[in-house]
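Listed here are the chains, written in short residue letters.
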Amino acid sequence: MSTATLPFGRLLTAMVTPFDGSGAVDHDKAAELAAHLVDEMRNDALVISGTTGESPTTTDEEKSELLRTVVAAVGDRARVLAGVGTFSTDHTVHLARAAAEAGAHGLLVVTPYYSKPPQPALLEHFTTVADATELPVMLYDIPHRSGTEIATDTLKRLAEHPRIVGVKDAKGNLTESGRVMAATDLAFYSGDDVMTLPLLSIGGVGLVGTSTHFTGAAAKEMIEHAVGGRPEQALELHRRLEPTFTGVFATQGCILVKAGLDLQGRGVGGLRRPMIEATEEQRQAIAACLRFSGLL
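Residues numbered from 1 in each chain as written. Predicted model: local features only at pLDDT ≥ 70, side-chain atom pairs only at ≥ 80, totals over all residues. Heavy atoms only, no water.

Student: Give me the packing of helix α1 (residues 27-39) against helix α2 (residues 60-74): which residues, what numbers.
Tutor: Direction vectors running N to C along α1 and α2 enclose 45 degrees, while the axes themselves pass 9 Å from each other. Compared by their axis directions, α1 and α2 come out oblique. When you trace α1 past α2, the crossing you get is right-handed. Where α1 approaches α2, its residues H27, A30, A31, A34, A35 and V38 are matched on the opposing element by E65, L66, T69, V70, A73 and V74. (Axes fitted to C-alpha atoms, helices over the stretch in contact; angles between N-to-C directions. Helix = DSSP H or I, 4+ residues; strand = E, 2+ residues; numbered from the N terminus. Parallel < 35°, antiparallel > 145°, perpendicular 65-115°, else oblique. Left-handed = near helix turned anticlockwise from the far one by under 90°. Contact = heavy atoms within 4.5 Å.)

Student: Just give me the short version of the pattern of salt bridges, but keep the residues and values in it.
Tutor: On inspection of all chains with the given rule, the structure shows 16 salt bridges. One salt bridge in this structure joins E224 and R42, with 2.7 Å as the shortest N-O distance. With a gap of 182 residues between them, E224 in helix α9 (residues 212-227) and R42 in the loop between α1 and β2 (45-48) connect regions that are remote in the sequence. Since its relative accessible area comes to 30%, E224 is described here as partly exposed. (Salt bridge = Lys/Arg side-chain N within 4 Å of Asp/Glu carboxyl O. Buried < 20%, exposed > 50% of the residue type's maximum accessible area, 1.4 Å probe, protein only.)

Student: Break down the side chain of D141 for me, citing the residues and quoting the values.
Tutor: Residue position: D141 is located in strand β5 (residues 137-141). Overall, D141 belongs to the buried group, its relative accessible area being 1%. With residues near it in sequence (within four places) discarded, D141 still touches T111, T148, E149, I150, L155, V167, K168, D169, A170 and K171.

Student: Just give me the short version of α2, but keep the residues and values in it.
Tutor: Along its 15 residues, α2 runs 21 Å from first to last C-alpha, staying within 8% of the 21 Å computed at 1.5 Å per residue. Taken as a whole, α2 has its buried residues at K63, S64, L66, L67, T69, V70, V71, A73 and V74. Where α2 is buried, its residues contact α1, β2, β3 (79-83) and α3 (89-102). (Expected span 1.5 Å × (residues − 1).)

Student: Any chance you could break down the sheet that holds strand β1 (residues 11-14) for me, citing the residues and the numbers?
Tutor: The pairing of strands in a sheet happens through backbone hydrogen bonds and is either parallel or antiparallel. In spatial order, the strands read β1-β2-β3-β4-β5-β6-β7-β8; together these eight strands close into a barrel with parallel pairing. Strand-to-strand, the axes of this sheet are offset by a mean angle of 25 degrees, without reference to chain direction. Sheet topology places strand β4 (residues 106-110) next to β5; four bridges connect them, and they run parallel. The residue bridging L108 from the neighbouring strand is M138, located in β5. (Pairing = 2+ DSSP bridges.)

Student: Lay out the UniProt feature "binding site: pyruvate" (unreviewed entry) in the protein with the relevant residues and their values.
Tutor: As recorded in UniProt, the feature "binding site: pyruvate" (unreviewed entry) lies at T52 and V208. Across 157 residues of sequence, these annotated residues stay compact in space, with a maximum C-alpha separation of 11.3 Å. If you trace the backbone, T52 turns up in the loop between β2 and α2. Excluding residues within four positions of it along the chain, T52 makes contact with A14, M15, V16, T210, H213 and C254. With respect to the secondary-structure elements, V208 resides in strand β8 (residues 206-209). Overall, V208 belongs to the buried group, its relative accessible area being 1%. (UniProt positions renumbered as here; feature names shortened; annotations may be inferred.)

Student: So what about the environment of E149? Which residues, and what values?
Tutor: For E149, the position within the fold is in the loop between α5 (143-146) and α6 (152-158). A sequence separation of 29 residues divides E149 from G178, and the C-alpha atoms of the two residues are 15 Å apart. Beyond its immediate chain neighbours, meaning those up to four positions away, E149 contacts Q119, L122, D141, P143 and K171.

Student: Break down the UniProt feature "site: Part of a proton relay during catalysis" (unreviewed entry) in the protein for me, citing the residues and quoting the values.
Tutor: The feature "site: Part of a proton relay during catalysis" (unreviewed entry), as given by UniProt, occupies T51 and Y114 in the numbering adopted here. One can find T51 in the loop between β2 and α2. By the secondary structure assignment, Y114 is in the loop between β4 and α4 (119-132).

Student: Residue-level account of unusual backbone geometry, with values.
Tutor: Leave glycine aside and you will find that most residues have negative phi; peptide bonds, for their part, are mostly trans. A cis amide bond, omega 25 degrees, links R273 with the succeeding residue P274. The phi torsion at R42 lies on the positive side, around 65 degrees, for a residue other than glycine. Relative accessible area serves as the criterion here: at 31%, R42 is assigned to the partly exposed category. The phi dihedral of K116 falls on the positive side, at around 55 degrees, and the residue is not glycine. Within the element layout of this structure, K116 appears in the loop between β4 and α4. K116 gets classed as exposed once you look at its relative accessible area, which sits at 54%.

Here it is, written out as structure tokens:
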């Protein structure tokens, strides 16, 4: 098991952004959902304005105000990270500084997407962002969405920065992730819910989840069993939760999380275009996953 520190605890959820009937950010629902995720789903931290939070469609001002709402709601008992990554270094720095001003406890910074910058550019980008505030930084390595991986050598160099402390790992390459963990003190969090247990087995520390809007308490228990030397109990939970771990990604996570919350009586409104509401078939499918996992 990992000897890395736990900069953000074991379990984090990339929280959806609630919207009201007019399409505006619903701050009351956001505070309510954040409290549920921390107090009942056992999250140690929340990520606000990640992709699951539909960050491409919220304004900079909305991001700051939402962050203030969540910090006020749960910041006394959980850490709150701001998703600030964009495909522009200058804009990412701007969002990082705004997040620090709004009370964030850390930053999640995704690889600049679509433009596919080379590795030296990634090194400069992430270093510039980490230099912009005093907040700890979690890198988000998700090449199937961003178009570019953070290469092993680049991660090793970034680990030398005192404020780059973790990685949300959705690379899907346990070999390379293991090599980085062996060579650095970076705390690796699974960025793919179903890969949490395998990542823990080679030195990972936890999960930044999407299905954890529903699976949070059980996923936290699974992690605790794994790191506590109880592999049989961890595996039993993994197998029970696996349909929901994967089912929430049958289409975009924000769509099915909002559908699932609605099925649980915790509706948080619709989605902003280009995202659309789940179809009835998709609602039935996620309901079946939740039932299998004992969550509905």
